Amino acid sequence: MTPQDMQQKQWDDLKRHWQGINDRRAGSSSAIPHVSSGMNSHRQKLIRSYRVLAVLSGAYTLIGPLSMSHFEMPLWSLMYMGAFFIVMFLGSMFILGRLASLDFGRMNTVELLRHVDGIIRWRLIIKVIGWVSMMPLLVVMFHAFVSVGLWMVYGGVCGLVLGLAIGLYQDMNMRRHLKSIRNELMECYG
C-alpha cells in the first residue's frame, strides 16, 4: 500500500467516524451521512427553473393583457388574463420558497423526504389550477383570433402547440430532478 493509499484510508475512516458522531447527535439513524453533489445540483436546477417561471409569469401579468387588448377582447377577459398570470407567479414563488428551504445540512432524511413530497404535491395542485384556469382564457383568446382572421387562428394554434411542447418538456425536467432527489433520499433512508 502506498503512502497516498494509507492517507486516503485514514481520511475515509475519519469521515466515517465523523458521520457516526453526527448520526448519534441527531438521535436518528436516518440522518443523511453526506450530501451528494447530485442532490444539490438537482435542487439548484429546479430553483433556476422556478426563478425563470416567476419572472416570466410576473412580466406577463402586464404584457399579456396589454398585447391582447388590440384584439377587441372584453375587459373582463384581460383582467382574467392578468389574474391568471398573478396566480402562476405566486405559485412559482411558493414552490421556489419551498425549494430554497430544503436544507441538506440540517434536516434529517425523513424531514427532507416529507419536504420533497410536499413540493411534489404542491406542484401538482398548482399545475391543476393552471390547466383549469387556462382553458376559459384560451377559448376567449381564440374567439378574438377568429374575429381578426384565419391567419391569426393559425398563429394561435402554432403558439399553443409550441408553448405546450416547451411547457411539457420543462415539466418533465422538473419532475425528473425532484424524482432524482427523492430517490437519493430513499437510498439514504434505507
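Anything mentioned here points back to the structure above.
Being a predicted model, the structure only gives us computed values, none of them experimental. (Residues numbered from 1 in each chain as written. Predicted model: local features only at pLDDT ≥ 70, side-chain atom pairs only at ≥ 80, totals over all residues. Heavy atoms only, no water.)

A.B. asks: Honestly, the overall build of the protein in this entry has me stumped. Any pointers?
C.D. replies: Within the protein one finds five helices and zero strands. What you see in the protein, going N to C, is helices and strands ordered as α-α-α-α-α. The proportion of buried residues among the 190 residues of the protein is 35%. Looking at the protein alone, contacts between residues at least 24 apart form 76% of all its contacts between residues at least 6 apart. Approximately 12300 Å² of the protein is accessible, and the part contributed by carbon and sulfur atoms is 67%. (Helix = DSSP H or I, 4+ residues; strand = E, 2+ residues; numbered from the N terminus. Buried < 20%, exposed > 50% of the residue type's maximum accessible area, 1.4 Å probe, protein only. Contact = heavy atoms within 4.5 Å. Areas by Shrake-Rupley, 256 points an atom, 1.4 Å probe, with all protein chains shown as cover.)

A.B. asks: How should a positive patch on the surface be read in this particular structure?
C.D. replies: A cluster of basic residues, Lys45, Arg48, Arg51 and Arg176, forms a positive patch on the protein surface. Of all the elements, helix 2 (residues 37-68) adds the most residues to the positive patch, at three residues. Within the element layout of this structure, Arg51 appears in helix 2. (Patch = residues over 30% accessible without salt bridge, like charges linked within 9 Å, V, L, I, M, F, W, Y side chains within 5 Å. Salt bridge = Lys/Arg side-chain N within 4 Å of Asp/Glu carboxyl O. Lys, Arg positive; Asp, Glu negative; His and termini not counted. Charge placed at Lys NZ, Arg CZ, Asp CG, Glu CD.)

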